[in-house]
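# Understanding the architecture of this molecule
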Amino acid sequence: MTQPEPSTAEDGRSGGRKRRVLGTLAMLFGVIPLLAAGGVTFAAVKNHRIQTGNDAFIPAAWHNLRTDEIFPDLLRETSTAGRQGSGGQPAPGWVRQTIAEESDCRKALTAGLAEAAMTHGCTTVLRATYVDAGGEAAATVALCVLGSHDDVLAVERSGFSVLADHLGPVVIPVPAAKTAAADWRASRGYGGGTVSATLFGPYLAAITVGPTDPDRRYGDLPGQWKSSGRPETRVYQSLASDLLYAFAHSFDKAVDGR
């Protein structure tokens with residue numbers, strides 16, 4: 001039996017459906033690349049705005065960050081070698097005792113570093129004092145605001161490097177009343193100190209470390225123990241380098257996260 005031929009109306013409807021489907025597909029293939037391009041452009045603009053905002057924030061970070069963001073409650077000794085406490089556990093850490101008010105560069109730093117910092121645009125110094133877990137050693141950490149990051153690098157290169165063998169105190173200690181650091185002080189040849197550039201902006205980190213006992217004189221041992229006096233003089237310098245690295249890393253994270 002012969003099948004009836006499709007009517008012209010049916011042909012028209014079928015052709016119309018095909019054209020609509022093809023038109024929809026063409027539109028989708030045309031819009032998708034545009035949406036993708038728009039997404040890439042939006043992401044680029046967003047990232048640019050984030051970077052621009054961070055760049056604007058960095059020079060004012062010392063003023064705009066909270067004090068506990070600059071000087072955290074706890075600092076753990078850290079070195080580029082990944083130093084840890086016994087058994088692979090983190091070092092016990094140093095506990096913050098006090099935060100000093102903003103200070104003039106000449107009043108917060110020892111003479112040599114003060115002169116170098118002032119030459120390179122030092123405007124202010126922020127300081128905080130920490131004590132180790134046993135209460136036997138104290139450290140005053142400083143964040144020095146210089147003219148630029150290039151100025152920071154110039155001071156670091158001028159002999160105040162974190163790699164220096166023994167600089168001695170470079171930051172004027174800040175004692176903390178009614179704590180283990182109540183009598184904290186240091187003088188030339190008594191304690192260790194060093195400086196280090198931070199990663200961002202015009203910030204130089206500096207530190208002085210020494211015993212909390214004002215009568216303690218490292219390197220001055222009696223009798224048969226005298227031969228070990230020289231190695232003992234290096235204890236605080238080693239602590240200074242490790243603790244300052246931890247502080248600078250903590251500050252860099254605080255700035256980079258804003």
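These numbers come from a predicted model, not from an experiment.

### Quick word on the sheet that holds strand E4 (residues 137-145)
The strand order across the open sheet formed by 6 strands is E1-E2-E3-E4-E6-E5, and the pairing between neighbours is antiparallel. The open sheet has two free edges, formed respectively by strand E1 (74-75) and strand E5 (192-197), since each of these has just one partner strand. Strand direction decides the pairing type here: E1 and strand E2 (residues 94-99), joined by 2 bridges, are antiparallel. For Leu-74, the partnering residue across the bridge sits in E2 and is Val-95. Packing against the sheet, helix H8 (residues 235-256) makes contact with E1, E2, E4, E5 and strand E6 (203-211), and its axis sits at approximately 145 degrees to E6.

### Concerning the environment of Glu-69
Within the fold, Glu-69 resides in helix H3 (residues 67-70). Sequence-wise, Glu-69 and Ala-254 are 185 residues apart; in three dimensions their C-alpha atoms are separated by 6.4 Å. At 2.8 Å, the side chain of Glu-69 and the backbone nitrogen of Arg-66 are in polar contact.

### Description of the pattern of salt bridges
For the coordinates displayed, the defined rule picks out 4 salt bridges. Between Arg-66 and Glu-69 there is a salt bridge, with the nearest N and O atoms lying 3.7 Å from each other. Glu-115 is the salt-bridge partner of Arg-106, the closest N and O atoms lying 2.7 Å from each other. Overall, the relative accessible area of 42% leaves Glu-115 in the partly exposed class. When salt bridges with common partners are traced through the structure, they connect Arg-66, Asp-68 and Glu-69 into a single cluster.

### Considerations on H8
The end-to-end C-alpha distance of H8 is 32 Å, a good match for the 32 Å that 22 residues give at a rise of 1.5 Å each. Of all 22 residues in H8, 16 are buried; the element is thus mostly enclosed.

### What about unusual backbone geometry?
In the Ramachandran plot, Lys-178 falls in the positive-phi region, its phi being about 65 degrees despite a non-glycine side chain. Owing to a relative accessible area of 86%, Lys-178 belongs among the exposed residues under this scheme.

### Quick notes on the side chain of Asp-252
Inspection of the secondary structure puts Asp-252 in helix H8. The residues contacting Asp-252, other than those within four sequence positions of it, are Thr-198, Leu-199 and Phe-200.

### Some points on the confidence of the model for the protein
Overall, the prediction assigns the protein a mean pLDDT of 77, with 62% of residues at 70 or greater. In the predicted structure, residues 40-53 sits below a pLDDT of 50 and forms 0 contacts with residues beyond four places in sequence or in another chain. Note that pLDDT drops below 50 for residues 80-86; the model gives that stretch 8 contacts with residues more than four away or on any other chain.

### Here's the deal with helix H5 (residues 111-119)
What H5 keeps buried is the set Leu-113, Ala-114, Ala-116 and Ala-117. Buried residues along H5 cover an arc of 170 degrees about the axis, so they all sit on one side. Away from the buried face of H5 by more than 90 degrees, exposed residues Ala-111 and Thr-119 are located. Buried residues belonging to H5 abut helix H4 (105-108), helix H6 (149-157), E5 and E6. Immediately beyond the C-terminal end of H5, within one or two residues, lies Gly-121, with a positive phi of roughly 80 degrees.

### Description of the state of the cysteines
Enumeration over the complete set of coordinates arrives at 1 disulfide. Shown here is the disulfide that connects Cys-105 with Cys-122, its sulfur atoms set 2.1 Å apart. A torsion of -90 degrees about the S-S bond marks the disulfide between Cys-105 and Cys-122 as left-handed. Separated by 17 residues along the polypeptide, Cys-105 in helix H4 and Cys-122 in the loop between H5 and strand E3 (124-132) bring together distant segments of the chain. Neither Cys-105 nor Cys-122 differs from the other in exposure class; each is buried.

What counts and how
- Residues numbered from 1 in each chain as written.
- Predicted model: local features only at pLDDT ≥ 70, side-chain atom pairs only at ≥ 80, totals over all residues.
- Heavy atoms only, no water.
- Pairing = 2+ DSSP bridges.
- Helix = DSSP H or I, 4+ residues; strand = E, 2+ residues; numbered from the N terminus.
- Contact = heavy atoms within 4.5 Å.
- Axes fitted to C-alpha atoms, helices over the stretch in contact; angles between N-to-C directions.
- Polar contact = N/O pair within 3.5 Å; in protein donor to acceptor, adjacent residues only side chain to side chain.
- Salt bridge = Lys/Arg side-chain N within 4 Å of Asp/Glu carboxyl O.
- Buried < 20%, exposed > 50% of the residue type's maximum accessible area, 1.4 Å probe, protein only.
- Expected span 1.5 Å × (residues − 1).
- pLDDT = per-residue confidence, 0-100.
- Arc of directions from axis to C-beta.
- Disulfide = S-S within 2.5 Å.

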